Amino acid sequence: MHLIQCQCCAVKGQLKKIGTSNRLICYCTDCRAFAHFLGKAPFVLDEQGGTEIVQVSQQHLFFYQGEHLISAVRLSENGMIPLVCRMLRNAYW
């Protein structure tokens, strides 16, 4: 089990049974746009514009506090749909 929370601590959850996950540096347009959308680009993008991400199966992600504060954001028509906390527009980093 791994605990996760947004930066303002309004939303908390956990990842259970992380059997298979992907940890990588992503350079796609969506990941870069998301970092800029959050105002975190200088902190999370490397010199080549990549950001470290961990992909996990949705079935292993559970929220136990502040679930009503979670929003999904799509920054392009066919892009990914990351989750953010509406309080301070924080991702779960």
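What you see is a predicted model, and the numbers here were worked out from it, not measured in a lab. (Residues numbered from 1 in each chain as written. Predicted model: local features only at pLDDT ≥ 70, side-chain atom pairs only at ≥ 80, totals over all residues. Heavy atoms only, no water.)

### With respect to the overall build of the chain
For the chain, the helix and strand inventory stands at 2 helices and 7 strands. A globule of 93 residues ought to have a C-alpha radius of gyration of about 12 Å, and the chain, at 13 Å, matches this closely. Referenced to the eigenvectors of the C-alpha coordinate spread, the extents of the chain come out at roughly 35 × 30 × 25 Å. Considering only contacts within the chain whose residues lie at least 6 apart along the sequence, 59% involve residues at least 24 apart. Only carbon and sulfur atoms are counted for the fraction: they give 52% of the accessible area of the chain, which is about 6300 Å². A gap of 10 Å separates the mean positions of the 9 positive and 6 negative side-chain charges of the chain. (Helix = DSSP H or I, 4+ residues; strand = E, 2+ residues; numbered from the N terminus. Rg over C-alpha atoms; globule rule 2.2 N^0.38 Å. Contact = heavy atoms within 4.5 Å. Areas by Shrake-Rupley, 256 points an atom, 1.4 Å probe, with all protein chains shown as cover. Lys, Arg positive; Asp, Glu negative; His and termini not counted. Charge placed at Lys NZ, Arg CZ, Asp CG, Glu CD.)

### So, unusual backbone geometry
In this model, Cys9 sits at a positive phi of 70 degrees, which is unusual for a non-glycine residue. Along the polypeptide, Cys9 turns up in the loop between strand E1 (2-5) and strand E2 (12-15).

### Remarks on a nonpolar patch on the surface
Taken together, the side chains of Met1, Leu3 and Tyr64 make up a nonpolar region of the molecular surface, amounting to roughly 400 Å² of accessible area. As for its position among the elements, Tyr64 is in strand E5 (residues 61-65). (Patch = residues over 30% accessible without salt bridge, like charges linked within 9 Å, V, L, I, M, F, W, Y side chains within 5 Å. Salt bridge = Lys/Arg side-chain N within 4 Å of Asp/Glu carboxyl O.)

So, to be careful, I would describe these as geometric facts and stop short of saying anything about function.
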